[in-house]
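Residues per chain are reported as follows:
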Amino acid sequence: MAAKVTAKGQVTIPKRIRDLLGIQAGSEVAFTLAEDGRVNLSKIDKESASGGQPNRFAVLRGSSSSGMSTEEIMALTRDEK
């Protein structure tokens, strides 16, 4: 398989390779250089990129348990009584 490099240095990853690696729009990929000059492409798995830990924002996602209404929270952030 071959691909042409654009003036910006961009290359389209062939669909067959994207499908094999599970690469979709928004996926992150890593390039590693082998000793023989080959370049390896791999998909960065969000959990493995952080050592198996979800990122600090993912931990907080959906964890609100204050029991306050949106209006009450907004009043606090605006320093309203």
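Before reading on, note that the structure itself is shown above.
In short, a report on the structure.

The rules we used
- For every chain, the first residue of its written sequence is number 1, and the numbers climb from 1 along that sequence.
- Given that this is a predicted model, residues contribute local features only at a pLDDT of at least 70 and side-chain atom pairs are listed and counted only at 80 or more, while totals for whole chains, interfaces and linings are drawn from all residues.
- As a rule here, side-chain values come from all non-hydrogen atoms in the structure, and water together with hydrogens is ignored.
- Salt bridges, as used here, are contacts in which a Lys or Arg side-chain nitrogen is within 4 Å of a carboxyl oxygen on Asp or Glu.
- Helix and strand labels come from DSSP, where a helix needs a run of H or I of at least four residues and a strand needs a run of E of at least two; each type is numbered from the N terminus.
- Three labels apply to residues, based on accessible area from a 1.4 Å probe with only protein chains included: buried if under 20% of the type maximum, exposed if over 50%, partly exposed otherwise in between.

## Some points on the pattern of salt bridges
Counted according to the given criterion, the structure contains 2 salt bridges. Taking the shortest distance from any N to any O, the salt bridge between Lys15 and Asp19 comes out at 2.9 Å. Pair noted here: Lys15 and Asp19 are both in helix α1 (residues 15-21), with a separation of 4 residues, about one helical turn. On the basis of relative accessible area, Lys15 is assigned to the exposed category, the value being 52%. Residue classification places Asp19 among the exposed residues on the basis of a relative accessible area of 51%. Across the pair Arg38 and Asp36 runs a salt bridge whose closest N-O atoms are separated by 3.1 Å. Note on Arg38: relative accessible area 58%, which makes it exposed.

Spatial relationships are all this shows, so hold off on functional conclusions.
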